[in-house]
Amino acid sequence: MQQIESLLGRGREAMETGDYGVAVRLFREALQSDPDSAELHFLLGEALAEDGKFKDAIAAFSRAREIDPEDVDILYALGDACFEGNQVERAIEAYERIVALDEHEADAWVSLGLVHFNQERMEQAEECYRRALQLEPDSVFALNSLGDTCYAQGRNEEALGYFRRVLELEPEDAQARYNLAEMYYDAGELVAAEWECRESLRIDPGFAYAYLTLGNICLDQEKPREALQAYQEFLMRERSPAAKEVRDEVAAVVEGLKAEL
């Protein structure tokens, strides 16, 4: 037991410092002594997901679920990994299981809505977000997501209202800043877009898609070196299978910029 606790502690420390490969090795070693531990499979899945290995992460979370079928944290992690790993139907099943266990889980309704949004099922996405807001009216997760859906449907003023509401609640919310950057960029207001994008990255330096938008802004402002740097940051940080097409497009732009500079 002491050995397992030691491996667990070292694995968690590795996670905190971003040494995900080390964490994976330590959690796998611990599982050799306790193969039926839902916690260990869960932690292994988290480390694998952080390391961008979503297929293996899904397998680990699935094993954890077999051991503890009604653990909500496991179900969230499984749903998130399936969504990132482009296994949409499995993600939906995991989130739906959460709300079946507890219909008051607002974040599960938002996560379910995000899957529908990703599949361009806007009405279902909006219904999920509004269900979440009935449960938690000040949920920045739900407000940002509902704003995205409104914006995607051309309801710009309504979207802007939701994003501003988020910033009233959480002035340091990186997602809302990013959403505003996207709106300004689409409107051709590049200075405002850049400011919001850089604010988003100041708050969350690991926000991959903010680097992508910043790269687009810099390119439109004829600042190719800054655009190249931002695109490279995006490629370094965004590794999910669901983003493969976007990554391929950005990689091609990067090669073109390198050839020009």
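See the structure printed just above.
Sequence positions are assigned chain by chain, starting from 1 and proceeding in written order. Given that this is a predicted model, residues contribute local features only at a pLDDT of at least 70 and side-chain atom pairs are listed and counted only at 80 or more, while totals for whole chains, interfaces and linings are drawn from all residues. The basis for every side-chain value is the complete set of non-hydrogen atoms in the structure, without hydrogens or water.

### Notes on the environment of L143
Working step 1: Elements are defined by DSSP. Helices are runs of H or I of four residues or more, strands are runs of E of two residues or more, and each kind is numbered from the N terminus. Among the secondary structure elements, L143 is positioned in helix α9 (residues 140-152).
Working step 2: Sequence separation between L143 and G161 is 18 residues, and the spatial gap between their C-alpha atoms is 9.4 Å.
Working step 3: With sequence-adjacent residues up to four places away left out, L143 is seen in contact with L133, P137, D138, Y162, R165, V166 and L169. Contact between two residues is taken to exist if any of their heavy atoms lie within 4.5 Å; hydrogens are not considered.

### So, the side chain of S145
Working step 1: Tracing the chain through its elements places S145 in helix α9.
Working step 2: Throughout this description, buried means an accessible area under 20% of the type-specific maximum (1.4 Å probe, protein chains only), exposed means over 50%, and partly exposed covers the range between. Using a relative accessible area of 5% as the deciding quantity, one classes S145 as buried.
Working step 3: Not counting residues up to four positions away in its chain, the partners in contact with S145 are V110, L114 and Y129.

### A short note on the packing of helix α10 (residues 156-169) against helix α11 (residues 174-186)
The description of two helices packed together rests on the angle between their axes and the distance between the axes.
Working step 1: Fitted lines through C-alpha atoms give the axes, limited to the stretch in contact for helices. The angle between two N-to-C directions lies from 0 to 180 degrees. Axis separation between α10 and α11 bottoms out at 9 Å; the angle between their running directions is 150°. For the element pair α10 / α11, the angle class is roughly antiparallel. Once α10 is placed against α11, the crossing between them reads as left-handed. Judged by residue contacts, N156, L160, F163, V166 and L167 of α10 engage A176, R177, N179, L180 and M183 from α11.
Working step 2: Partitioning the contact of α10 with α11 into residue classes produces seven nonpolar, two polar and one charged. By definition in this entry, angles of less than 35 degrees are roughly parallel, angles greater than 145 are roughly antiparallel, angles of 65 to 115 are roughly perpendicular, and the rest are oblique. In a left-handed crossing the near helix is turned counterclockwise from the far helix by less than a right angle, and in a right-handed crossing that turn is clockwise. Residue type decides the class: Asp, Glu, Lys and Arg count as charged, Ala, Val, Leu, Ile, Met, Phe, Trp, Tyr, Cys and Pro as nonpolar, and the leftover types, Gly among them, as polar.

### Notes on helix α13 (residues 208-220)
Working step 1: In a helix, the anticipated span is given by 1.5 Å times the number of residues less one. Spanning 13 residues, α13 covers 19 Å between terminal C-alpha atoms, matching the ideal 18 Å at 1.5 Å per step.
Working step 2: For α13, every residue scored as buried is listed here: A208, A210, Y211, L212, T213, L214, G215, I217 and C218.
Working step 3: Count one or two residues on from α13 and you reach E222, which has phi positive near 60°.

### Concerning the pattern of salt bridges
Working step 1: What makes a salt bridge here is a side-chain nitrogen of Lys or Arg within 4 Å of a carboxyl oxygen of Asp or Glu, nothing more. In this structure the tally under the stated criterion is 23 salt bridges.
Working step 2: Here R155 makes a salt bridge to E126, at a shortest N to O gap of 3.0 Å. With R155 in the loop between α9 and α10 and E126 in helix α8 (residues 122-135), this pair connects stretches of sequence that are 29 residues apart.
Working step 3: Under the relative-accessibility criterion, R155 is labelled partly exposed at 26%.

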